[in-house]
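Understanding the architecture of this molecule
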Amino acid sequence: MKKEVENEMEDELRSEYDFTQMEGGIRGKYVERYRVGTNLVLLDPDVAQAFPNDIAVNEALRMLIQIAQRQQSKPAMHQTE
């Protein structure tokens, strides 16, 4: 019976969808267009391990932004010669 289900699923693809006839396909042709329209970021495994979810990542980045802004707003220390 399992064999029949597998065959049924294979038969769902219409005969006019013969991908063996397709030539000249380019892998990743639209990848740049996709990247422009998305805000997904791939984290390295060690970084991902430190942040359990997107909320934790966003909180850490917001804190980093605040620290950087505070550092920029402080007057620069002038060196004396």
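A short tour of the structure in this document, coming up. Quick caveat: nothing in here was measured; it's all calculated off a predicted structure.

What the protein contains, in helices and strands, is four helices and zero strands. Listing each helix as α and each strand as β along the protein from the N terminus yields α-α-α-α. In the protein, buried positions account for 1% of the 81 residues. Counting every atom, the protein has about 9,000 Å² of accessible surface; 54% of that belongs to carbon and sulfur.

Here helix H4 (residues 54–73) spans 29 Å end to end across 20 residues, near enough to the 28 Å set by a 1.5 Å rise per residue. Its side-chain oxygen placed 3.1 Å from the backbone nitrogen of Ile55, Asn53 serves as the N-cap of H4.

Taken together, the side chains of Leu13, Tyr17, Phe19 and Met22 present a nonpolar region at the surface, about 470 Å² in accessible area. Relative to the helices and strands, Met22 resides in the loop between helix H1 (2–11) and helix H2 (31–36).

Conventions we followed
Residues numbered from 1 in each chain as written. Predicted model: local features only at pLDDT ≥ 70, side-chain atom pairs only at ≥ 80, totals over all residues. Heavy atoms only, no water. Helix = DSSP H or I, 4+ residues; strand = E, 2+ residues; numbered from the N terminus. Buried < 20%, exposed > 50% of the residue type's maximum accessible area, 1.4 Å probe, protein only. Areas by Shrake-Rupley, 256 points an atom, 1.4 Å probe, with all protein chains shown as cover. Expected span 1.5 Å × (residues − 1). Polar contact = N/O pair within 3.5 Å; in protein donor to acceptor, adjacent residues only side chain to side chain. Patch = residues over 30% accessible without salt bridge, like charges linked within 9 Å, V, L, I, M, F, W, Y side chains within 5 Å. Salt bridge = Lys/Arg side-chain N within 4 Å of Asp/Glu carboxyl O.

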